[in-house]
Amino acid sequence: MSGTRWLSDEEQRIWRAYLASTRLLQEALERQLQRDSGMPHAYYMILAMLSEAPGRELTMTRLACVTGFSASRLSHAMARLEEKGWVRRVKHERDRRTTMAELTCEGFAVLEATAPGHVEEVRRRLFDPLTREQAQGFRDVLAALMDAYAREGDDTGTEDPPVTPWAPGCPPGPC
């Protein structure tokens, strides 16, 4: 125990503020999505990640990585989203061992209708309380943390996926 680097009082305050603020943000986003569209945040994340992918499709493995979901959790969510007609799973055309997750046109329409309220809630809860300088500093802090995780091998493929600019009326892929 003598080698333990205990948190200072200030570090303890920062740590607890971080835990509380991330919990409150996640709860607020969950409430907003449930209230406005009847979908959990996990489903929104799946739809959003697929909408930003080339051709609106990703391998199930890559989708699990970018959402941070276990294979089991992703499979369960995909089954529910398939029931709604918002996504579909298909075998990769060249590698039949690989399953692809695809966003359907109906799923894209749901995302398009849901996104404005979600973005407003993110803005209201995360960015509006900060000055521009604080937001830039926050970005720098997060980048430093992500770099440290990547150096330690803890990134598990969560680097930023290539993002296709998304705007209503200008979706990637056919619909």
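This write-up is about the structure you can find in this document. (Residues numbered from 1 in each chain as written. Predicted model: local features only at pLDDT ≥ 70, side-chain atom pairs only at ≥ 80, totals over all residues. Heavy atoms only, no water.)

Quick word on the environment of Gly107
Position of Gly107 among the secondary structure elements: in helix α5 (residues 105-127). Here the alpha-carbon distance between Gly107 and Val87, two residues 20 residues apart in the chain, equals 6.2 Å. Excluding anything up to four places from it in sequence, Gly107 contacts Leu47, Gly85 and Trp86. (Helix = DSSP H or I, 4+ residues; strand = E, 2+ residues; numbered from the N terminus. Contact = heavy atoms within 4.5 Å.)

As for the packing of helix α2 (residues 41-52) against α5
Where α2 meets α5, the closest approach of the two axes is 10 Å, and the angle between their N-to-C directions is 115°. Comparing their axes, α5 and α2 come out roughly perpendicular. As α2 packs across α5, the resulting crossing turns out to be left-handed. Counted together, His41, Tyr44, Leu47, Ala48 and Ser51 of α2 and Gly107, Phe108, Val110, Leu111, Thr114, Ala115 and His118 of α5 form the full contact between these two elements. Of the residues contributing to the contact of α2 with α5, the split by class is 7 nonpolar, 5 polar and no charged. (Axes fitted to C-alpha atoms, helices over the stretch in contact; angles between N-to-C directions. Parallel < 35°, antiparallel > 145°, perpendicular 65-115°, else oblique. Left-handed = near helix turned anticlockwise from the far one by under 90°. Nonpolar A, V, L, I, M, F, W, Y, C, P; charged D, E, K, R; others polar.)

A few points about a nonpolar patch on the surface
Where nonpolar side chains cluster on the molecular surface, the patch consists of Leu130, Phe138, Val141, Leu142, Leu145, Met146 and Tyr149 and spans about 560 Å² of accessible area. By the element assignment, Tyr149 lies in helix α6 (residues 132-151). The class for Tyr149 is partly exposed, based on a relative accessible area of 38%. (Patch = residues over 30% accessible without salt bridge, like charges linked within 9 Å, V, L, I, M, F, W, Y side chains within 5 Å. Areas by Shrake-Rupley, 256 points an atom, 1.4 Å probe, with all protein chains shown as cover. Salt bridge = Lys/Arg side-chain N within 4 Å of Asp/Glu carboxyl O. Buried < 20%, exposed > 50% of the residue type's maximum accessible area, 1.4 Å probe, protein only.)

Quick word on the nonpolar core
Grouped together as the largest cluster of nonpolar side chains are 29 residues, with contacts concentrated most on Ile46, Leu47, Leu50, Leu63, Leu74 and Met78. When residues in this core are grouped by element, the largest group, 8 residues, is from α2. Those residues in contact with Leu47 that lie beyond four places of it in its chain are Met39, Leu81, Trp86, Val87, Leu103, Gly107, Val110 and Leu111. (Core = buried A, V, L, I, M, F, W, Y, C linked by side-chain atoms within 4.5 Å.)

Some points on the environment of Ala71
Here Ala71 is to be found in helix α4 (residues 71-84). Given the relative accessible area of 62%, Ala71 is considered exposed. Along the primary structure Ala71 and Met60 are separated by 11 residues, whereas in three dimensions their C-alpha atoms are 8.0 Å apart.

Thoughts on the side chain of Thr114
With respect to the element layout, Thr114 can be found in helix α5. Engagement of the side chain of Thr114 in a polar contact is seen with the backbone oxygen of Val110, the distance being 2.7 Å. Residues in contact with Thr114, not counting those within four places in the same chain, are Leu33, Ser37, Met39 and Tyr44. (Polar contact = N/O pair within 3.5 Å; in protein donor to acceptor, adjacent residues only side chain to side chain.)

Examining the packing of aromatic side chains
All told, the structure shown has 1 aromatic pair when counted by the stated rule. Centre to centre, the rings of Trp15 and Tyr18 are 6.1 Å apart; their planes meet at 20°, and the pair counts as stacked. Highlighted residues: Trp15 and Tyr18, both in helix α1 (residues 9-37), separated by 3 residues, approximately one helical turn. Residue Trp15 is classed as partly exposed on the basis of its relative accessible area, which comes to 43%. (Phe/Tyr/Trp six-rings, centres within 6.5 Å; stacked < 30°, edge-to-face > 60°.)

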